[in-house]
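# A closer look at the structure
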Amino acid sequence: MVAEIVAIGTELLMGQIANSDAQFLSGRLQTLGINVYYHQTVGDNPQRMREALALALSRSDLVITTGGLGPTQDDLSKEITAELLGLPMVFDEASWSAVQAYFLKIGRPCPENNRKQAMFAEGCTILKNVCGTAPGCLIETENKIVVQLPGPPHELQTMFDGQVYDRLAVYTGGCIASRYIRIYGLGESQVAEKCAQWIEAEGAVTVAPYCQLGECQLRVTARGENEEQAIEKAAPIVGALCSVLGDSVYAVMETGEGSMQEAAGRALVERGLTVATAESCTGGLVAAQLVDYPGISAALNEAHVTYANEAKVKYCGVKEETLARFGAVSEQTALEMACGLREKSGADITVATTGIAGPGGGTKEKPVGLVYVACASRNGVNVERLQLSGDRKRIRFLAALRALDMVRRAALEEN
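Notes on the structure in this doc start here.

Definitions and limits used
- Residues numbered from 1 in each chain as written.
- Predicted model: local features only at pLDDT ≥ 70, side-chain atom pairs only at ≥ 80, totals over all residues.
- Heavy atoms only, no water.
- Helix = DSSP H or I, 4+ residues; strand = E, 2+ residues; numbered from the N terminus.
- Buried < 20%, exposed > 50% of the residue type's maximum accessible area, 1.4 Å probe, protein only.
- Contact = heavy atoms within 4.5 Å.
- Areas by Shrake-Rupley, 256 points an atom, 1.4 Å probe, with all protein chains shown as cover.
- Lys, Arg positive; Asp, Glu negative; His and termini not counted.
- Charge placed at Lys NZ, Arg CZ, Asp CG, Glu CD.
- Phe/Tyr/Trp six-rings, centres within 6.5 Å; stacked < 30°, edge-to-face > 60°.
- Pairing = 2+ DSSP bridges.
- Axes fitted to C-alpha atoms, helices over the stretch in contact; angles between N-to-C directions.
- Parallel < 35°, antiparallel > 145°, perpendicular 65-115°, else oblique.
- Left-handed = near helix turned anticlockwise from the far one by under 90°.
- Nonpolar A, V, L, I, M, F, W, Y, C, P; charged D, E, K, R; others polar.
- Expected span 1.5 Å × (residues − 1).
- Arc of directions from axis to C-beta.
- Polar contact = N/O pair within 3.5 Å; in protein donor to acceptor, adjacent residues only side chain to side chain.

### Description of the overall build of the protein chain
Along the protein chain, the regular secondary structure elements total 15 helices and 17 strands. With the C-alpha coordinates of the protein chain rotated into their principal frame, the extents come out at 85 × 55 × 40 Å. Within the span of the protein chain, comprising 415 residues, buried residues form 48% of the whole. Put simply, of all contacts in the protein chain between residues at least 6 apart along the chain, 68% involve residues at least 24 apart. When the accessible surface of the protein chain is summed, it comes to about 19400 Å², and 50% of that surface belongs to carbon and sulfur atoms. Here the protein chain holds 37 positive side-chain charges and 49 negative ones, and the gap between their average locations is 5 Å.

Next comes the structure, spelled out in structure tokens:
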């Protein structure tokens, strides 16, 4: 089955919002073993919508539309699709009652133009919207399936998972499932070289590498009669890859959405450890990313942005003679920041950053992108020198990523 996603909305073309609907749907269809060959995005223009939908119907078995189900005159997704399929539009009283009930629930009068949302192609399966006013629908013809979903992500996701996924599973007779291996400390070419025998192999389990800013990812995918069987097939390959990659693997996830801050936060919380941060060039980014992990309040003691030398002395106990002799951006200062903060805060693990994020401030001896990251624990202190490239935002991000990995590793060593 070949699938196509047609996202409808001028706001998408103008860059006002990102097309997260297509990303979500592609991921869910992949687990069903449905191949997504095409993505289209079209504005709220009747002629261009008609052309986009006609093209999709001409080349794909399954067409999923997002958006265009509202009550205004430019919301024409259902009408144009019905016209292209040669189906008349009919009014559904139950859907109109549901729309009216929604407005009653939120304490607002129901406009008469919302009646348009209760019109559907004859013979379709109506998909109830439990989060909003726009019902969706599923149209099955002799050789085509069309699924029409609302644009707001929470409405679309709830409707697809609750009313569409199982219906599509009937057609595929199986399931594809993936595991994502998150890797830090090895470049894409190194990962590809170490894992070549699995990446290049053709068989029931496939391995595909992906490069992200500062890290890499391997997607291990298998097909089975159900998700459990597919994961069982993938498990031995996942284990072999993790063995080859060693401690460069920081997580194995069910989705591709995992992050280093989650791995660091989980390592701290699960082991009952505390952490404190002192940041200069990263300006609080390390602490902010740790805070993204739910439950980090059990681990994060305190966080300091020690931009000025006086702050490094006050909060971290850095010696003034160290600053005078080696400078703020130095291995010695980073070491004293981490060790001094650990002594002052009483945290199990402390991490410190100091560097030159640019675009100015660099010298021949200390160029832009030079960063020192130090991490202290009961097992000692480790200082790493980084020479990063890119703009200010990129340098700060990569420095914070290294700091989080050092925290993660320090936490794991506490066992």
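Next comes the rest of the description.
### What to know about the packing of aromatic side chains
The tally for this structure, following the rule as stated, stands at 4 aromatic pairs. Aromatic pair Y102 and F103: ring centres 6.1 Å apart, planes at 90°, arrangement edge-to-face. Relative accessible area serves as the criterion here: at 27%, Y102 is assigned to the partly exposed category. Relative to Y165, the ring of F160 lies with its centre 6.4 Å away and its plane at 80°, an arrangement referred to as edge-to-face. Judged by relative accessible area, which is 0%, F160 ranks as buried.

### Description of the environment of V130
Tracing the chain through its elements places V130 in the loop between β6 (125-127) and β7 (136-140). Taking the relative accessible area as the measure of exposure, V130 reaches 64% and is therefore exposed.

### Concerning the sheet that holds strand β1 (residues 2-8)
Read across the sheet, 6 strands follow the order β2-β1-β3-β8-β7-β6 without closing on themselves; strand pairing throughout is mixed. Looking at the sheet topology across the chains shown, the edges are occupied by β2 (35-42) and β6. Neighbour-to-neighbour, the strand axes of this sheet turn through a mean angle of 15°, independent of strand direction. As defined by bridge partners, β7 adjoins strand β8 (residues 145-149) across 4 bridges and the pair is classed as antiparallel. Bridge pairing in β8 links C137 to Q148.

### Looking at the packing of helix α2 (residues 20-31) against helix α6 (residues 153-172)
Running from N to C, α2 and α6 cross one another at 20°; their axes reach a closest spacing of 11 Å. By the angle class used here, α2 and α6 are roughly parallel. Remark: the crossing between α2 and α6 carries right-handed chirality. Judged by residue contacts, S20, D21, F24, L25, R28, L29 and T31 of α2 engage P153, L156, Q157, F160, D161, Y165 and L168 from α6. Residue composition of the contact of α2 with α6, grouped by class: 8 nonpolar, 3 polar and 3 charged.

### So, the sheet that holds strand β11 (residues 215-224)
The strand order across the open sheet formed by 4 strands is β10-β11-β9-β12, and the pairing between neighbours is antiparallel. Looking at strand neighbours, the two that pair on one side only are β10 (205-212) and β12 (249-253), the edges of this open sheet. Averaged over all adjacent pairs, the angle separating strand axes in this sheet is 20°, with direction ignored. In terms of strand pairing, strand β9 (residues 175-183) meets β12 through 4 bridges, oriented antiparallel. Its bridge partner lying in β12, I181 is registered against V252. Lying over the sheet, α2 contacts β9 and β11, oriented at roughly 120° with respect to β9.

### What to know about helix α3 (residues 46-59)
Relative to the 20 Å expected for 14 residues at 1.5 Å per residue, α3 spans 20 Å between its end C-alpha atoms, a close match to the ideal helical length. Within the sequence span of α3, burial applies to M49, A52, L53, A56 and L57. Looking down the long axis of α3, one finds its buried residues gathered within 130° of arc, a one-sided arrangement. In this structure, the buried side of α3 is in contact with β1, β2, β3 (62-66), α4 (77-85) and β8. The residue sitting at the N-terminus of α3 and contributing the capping side-chain oxygen is N45; that oxygen lies 3.1 Å from the backbone nitrogen of Q47.

Shape is all these values report; function is a separate question.
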